[in-house]
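# Residue-level structural notes
Single-letter residue listing:
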Amino acid sequence: MFTRMKIASTLVGIVALVGFAPLKVHGQKKIEIENYCTFGGAKLEEEVWTFTSDDEAVNWIKKIAKYSGLEPNFQIRAANVGNALATIQGEERIILYDQGFMRDMDAKSGTDWASVSILAHEIGHHLQGHTLRHGGSRPNQELEADKFSGFILARMNATLDQAKAAMQTMKSPGSSTHPPSGARVAAIINGWRSAEDLKEEITTAKKESDKPDSPTLQERVTEPINPTQPLAQPTAQDPTPNIVAQVVIYNDNNRYFLTSNGLIMAVTFFNQKPMMYGRQLPSNDARWAWMIQTPRGLYPVDLQGIIVGMNTQNGQLFRLGHVSSM
Ligand SMILES: [Zn+2]
């Protein structure tokens, strides 16, 4: 749940916001934030002061908006908020970020894409309408914002490692408002891969448009994978795929892992060398965060990382396993 809090904004730095919707002049007037969505779920201080945003942050917001195909109608302000948050004041969409937190995340993760991914996450909250609803951050909304962040960073040509750097650095066990970072990294990967798949679909569609017998995109996506294929194939975007999560299937003695390039690898009793067994697919169903495709079938993974099975006799859903961070 959110806490009602007071914000005191200053006049300083309005000039730096040229190019954005003009900031309403609040002076020293205190305002109250009713709903907000944070990046990391940190508790906010009683009084929040906002001040001039760095030019760099303003430029990144412009770029993120451009790659989303939208007008950059967001206010961005530095503030003592501990991490970053999205909120609405009247009709203005505002992003507040803590300069110390952003610098820290960039330094710890070794890339400036960390702070960009955090800004993208907050824009994701605005674009998906989360800041319009009461109640602040919710786990499924956090995953939606994470997925958007991964998607937009891929569009901006960040590598997968750069897109998930901030989340991997944060290493959070999760809370009532924010899922554990393992699930959030999976959402970022899912978004990043969706954008890459789109790029690939466009290229493939161009290449194959003249071939009369080429399979449709749908056929290509659902065609069963070959379980004897040896390993996760490095791609230009992800040259050294690594394990990002463990995929636990109940009553199954084999061990499964999710790699950063979206493959499910299996280590079996007979073969200790990891073999490709399936892959991660995006889901169009709002109930599921993503899907696991294996030769045995397609299994949804919900927003908490639960792998869902279906009883073929009565159609009831049950808990088949779960995805947990390494
Ligand atoms: Zn968030």
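Computed from a predicted model, the values in this text were never measured in an experiment. (Residues numbered from 1 in each chain as written. Predicted model: local features only at pLDDT ≥ 70, side-chain atom pairs only at ≥ 80, totals over all residues.)

Counting its regular elements, the protein chain contains 7 helices and 15 strands. Looking at the protein chain as a whole, 42% of its 326 residues are labelled buried. Sequence-distant contacts, at least 24 apart, represent 61% of the contacts inside the protein chain between residues at least 6 apart. (Helix = DSSP H or I, 4+ residues; strand = E, 2+ residues; numbered from the N terminus. Buried ≥ 20, exposed ≤ 12 C-beta atoms within 10 Å, placed from the backbone. Contact = placed C-beta atoms within 7 Å.)

The next subject is the packing of helix α3 (residues 113-127) against helix α4 (residues 139-155). Put simply, α3 and α4 touch, their axes get as near as 8 Å, and they point 125° apart. With respect to α4, the axis of α3 lies oblique. In this structure, the crossing between α3 and α4 has a hand that is right-handed. Touching W113, V116, S117, A120, H121, G124, H125 and L127 of α3 are Q141, E144, A145, D146, F148, S149, I152 and L153, all from α4. Taken together, the residues of the contact of α3 with α4 break down into 8 nonpolar, 6 polar and 2 charged. (Axes fitted to C-alpha atoms, helices over the stretch in contact; angles between N-to-C directions. Parallel < 35°, antiparallel > 145°, perpendicular 65-115°, else oblique. Left-handed = near helix turned anticlockwise from the far one by under 90°. Nonpolar A, V, L, I, M, F, W, Y, C, P; charged D, E, K, R; others polar.)

What follows deals with the environment of I88. Within the secondary structure layout, I88 lies in strand β6 (residues 84-89). The class of I88 is partly exposed, set by 16 C-beta atoms lying within 10 Å. Beyond its immediate stretch of four places on either side in the chain, I88 contacts R93, I94, T131 and L132.

It is worth spelling out the confidence of the model for the protein chain at this point. Detailed reading of predicted coordinates is not advised where the pLDDT is low. Of the residues in the protein chain, 77% reach a pLDDT of 70 or more, and the chain-wide mean stands at 77. Looking over the protein chain, one finds the lowest element-wise mean pLDDT in helix α7 (residues 217-222), namely 34, and the highest in helix α5 (residues 160-170), namely 95. In the predicted structure, residues 1-29 sits below a pLDDT of 50 and forms 57 contacts with residues beyond four places in sequence or in another chain. Segment residues 213-232 is flagged for pLDDT under 50; beyond a separation of four residues in sequence, or across chains, it makes 24 contacts in the model. (pLDDT = per-residue confidence, 0-100.)

Moving on to the pairing of strand β8 (residues 243-249). Relative to strand β9 (residues 255-259), β8 runs antiparallel, the two being bridged by 4 bridges. Along β9, the bridge assignment pairs A245 with L258. Hairpin geometry of β8 and β9 is characterised by an intervening segment of 5 residues between the two adjacent antiparallel strands and by a positive phi of about 60° at N251. Bridge count for β8 against strand β15 (residues 317-325) is 5 bridges, and the pairing is antiparallel. Bridging from a neighbouring strand, Q246 pairs with S324 of β15. (Pairing = 2+ DSSP bridges.)

Okay, the packing of helix α2 (residues 99-109) against α5 next. Two numbers describe how α2 lies on α5: the axes approach to 9 Å, and their chain directions differ by 100°. Between α2 and α5, the crossing angle belongs to the class labelled roughly perpendicular. The segment α2 lies against α5, with M105, K108 and S109 engaging A165, A166 and T169. Class assignment for the residues of the contact of α2 with α5 results in 3 nonpolar, 2 polar and 1 charged.

Residue alternation in strand β4 (residues 47-51) divides its side chains into a buried set, V48 and T50, and an unburied set, E47, W49 and F51. Sheet topology note: the β4/strand β5 (residues 74-79) ladder contains 2 bridges and is antiparallel. Bridge pairing in β5 links F51 to A78.

A word on α3. Here α3 spans 20 Å end to end across 15 residues, near enough to the 21 Å set by a 1.5 Å rise per residue. Among the 15 residues of α3, 15 are classified as buried, and the element is accordingly described as predominantly covered. With its phi angle positive at about 80°, G129 sits one or two positions after the end of α3. (Expected span 1.5 Å × (residues − 1).)

Among the nonpolar cores identified, the biggest contains 75 residues, and I61, A84, I95, Y97, L119, L153 and A186 are the most heavily contacted of them. Here this core takes 8 residues from α3, the largest share from any one element. Every residue in contact with I61, bar those within four places of it in the chain, is listed here: P72, F74, I76, I95 and L119. (Core = buried A, V, L, I, M, F, W, Y, C linked by C-beta atoms within 7 Å.)

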